[in-house]
Amino acid sequence: SHKYKELYESLDSFTEDFARIRDDIYQATGVESVYYRFPGGSSNTVSNIDMHEFIDYLDSQGVEYFDWNVSSSDAGGAKNAGQVFRSVKSGLVKGRENVILMHDFSHNDKTIRALDRVIKYGKKKGFVFKAMTAATTEVHHGINN
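Please read all numbers here as calculations on a predicted model, not as lab measurements.

S.K.: Hey, could you go over the overall build of the protein chain for me, with residue numbers and the actual values?
M.R.: A tally of helices and strands in the protein chain yields 5 helices and 4 strands. Listing each helix as α and each strand as β along the protein chain from the N terminus yields α-α-β-α-β-β-α-β-α. For 145 residues, the compact-globule formula gives about 15 Å, and the C-alpha radius of gyration of the protein chain, at 16 Å, lands near that figure. Over its C-alpha atoms, taken along the principal directions, the protein chain stretches across nearly 45 × 35 × 30 Å. Scored against the burial criterion, the 145 residues of the protein chain give a buried share of 35%. For the protein chain, contacts bridging at least 24 residues in sequence account for 71% of all contacts bridging at least 6. Accessible surface, the protein chain: about 8800 Å² in total, of which carbon and sulfur atoms supply 52%. In the protein chain, 18 positive and 20 negative side-chain charges are present, and the distance between their average locations comes to 18 Å.

S.K.: Which residues make up the packing of helix α4 (residues 81–91) against helix α5 (residues 109–124), and what are the values?
M.R.: Axes are the key here: two packed helices are described by the angle between their axes and the distance separating the axes. Look at α4 against α5: their axes get within 8 Å of each other, and the N-to-C directions meet at 40 degrees. It follows from the interaxial angle that α4 and α5 lie oblique. Handedness of the α4/α5 crossing: right-handed. Of α5, the residues touching α4 (which contributes A81, G82, V84, F85, V88 and K89) are K110, R113, A114, R117, V118 and Y121.

S.K.: If you had to explain helix α3 (residues 51–60) to someone new, which residues and values would you point to?
M.R.: Turning to α3, its buried residues are M51, F54, I55, Y57 and L58. Take α3 and look down its axis: the buried residues cluster within an arc of 155 degrees, on one side only. Exposed and facing more than 90 degrees away from the buried side of α3 are D56, D59 and S60. If you follow the buried residues of α3, they end up packed against α2 (11–29), β1 (35–36) and β2 (64–65). Between the side-chain oxygen of the N-cap and the backbone nitrogen of H52 there are 2.8 Å, and the N-cap of α3 in question is D50. Of the residues one or two after α3, G62 is the one with positive phi, at around 75 degrees.

S.K.: Give a description of the packing of aromatic side chains that names residues and reports values.
M.R.: For the structure shown, the criterion picks out 13 aromatic pairs. With centroids separated by 5.6 Å and ring planes inclined at 50 degrees, the aromatic side chains of Y8 and F54 adopt a geometry described as tilted. Of this pair, Y8 sits in the loop between α1 (4–7) and α2 while F54 sits in helix α3, and the two are 46 residues apart along the sequence. Residues Y8 and F54 agree in their burial class; the two are buried. For K94, the ring lying beneath its charged end belongs to F127, and the centroid distance is 5.7 Å.

S.K.: Would you mind going over a negative patch on the surface in detail, with residue names and values included?
M.R.: On the surface, D50, E53, D56, D59 and E138 cluster together into a patch of negative charge. Among the structural elements, D50 can be located in the loop between β1 and α3.

S.K.: Outline the nonpolar core, supporting the account with residue identities and numerical values.
M.R.: Core analysis: the biggest nonpolar cluster contains 13 residues, and Y8, F14, F18, Y36, F38, F54 and L58 have the highest contact counts within it. Only α2 and α3 provide two or more residues apiece to this core. Broken down by element, the residue count for this core peaks at 5 residues, all from α3. For F14, the contacting residues outside a window of four places in its chain are L7, Y8, Y36, F38, F54, Y57 and L58. Grouped together as the second largest cluster of nonpolar side chains are 6 residues, V70, L92, V118 and F127 included.

Cut-offs and rules
- Residues numbered from 1 in each chain as written.
- Predicted model: local features only at pLDDT ≥ 70, side-chain atom pairs only at ≥ 80, totals over all residues.
- Heavy atoms only, no water.
- Helix = DSSP H or I, 4+ residues; strand = E, 2+ residues; numbered from the N terminus.
- Rg over C-alpha atoms; globule rule 2.2 N^0.38 Å.
- Buried < 20%, exposed > 50% of the residue type's maximum accessible area, 1.4 Å probe, protein only.
- Contact = heavy atoms within 4.5 Å.
- Areas by Shrake-Rupley, 256 points an atom, 1.4 Å probe, with all protein chains shown as cover.
- Lys, Arg positive; Asp, Glu negative; His and termini not counted.
- Charge placed at Lys NZ, Arg CZ, Asp CG, Glu CD.
- Axes fitted to C-alpha atoms, helices over the stretch in contact; angles between N-to-C directions.
- Parallel < 35°, antiparallel > 145°, perpendicular 65-115°, else oblique.
- Left-handed = near helix turned anticlockwise from the far one by under 90°.
- Arc of directions from axis to C-beta.
- Polar contact = N/O pair within 3.5 Å; in protein donor to acceptor, adjacent residues only side chain to side chain.
- Phe/Tyr/Trp six-rings, centres within 6.5 Å; stacked < 30°, edge-to-face > 60°.
- Lys NZ or Arg CZ within 6 Å of the ring centre and 35° of its normal.
- Patch = residues over 30% accessible without salt bridge, like charges linked within 9 Å, V, L, I, M, F, W, Y side chains within 5 Å.
- Salt bridge = Lys/Arg side-chain N within 4 Å of Asp/Glu carboxyl O.
- Core = buried A, V, L, I, M, F, W, Y, C linked by side-chain atoms within 4.5 Å.

In structure tokens:
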């Protein structure tokens, strides 16, 4: 969830949220998720707990976490599909694995409308889009607490 105060209140609240969401994903897909993205990123300053405690917990569960190095700004400043596209376009860097942060929240049609344009642009510029796997280079932010 993205209820930061509740999620990052304690290790117990984090593990409960994680277990519930992991189970929801399993129920919907039949696949146990082995990847996680911290709401707000691992660099968030909302948590009163050292983020390394949460990271250690994920490690104990066999879960890798990823942050992002390209923001679509779809949950922030971008007001329309054009702005989402421009934000992604300006963040892409050749020669590195680019992990784009995009959200699928209710009524977020600007991201859906930008996605085709992002993919076409990326392919035209030589970028390759692929699923994350164990071979994907992890992208991590610096821990700030």
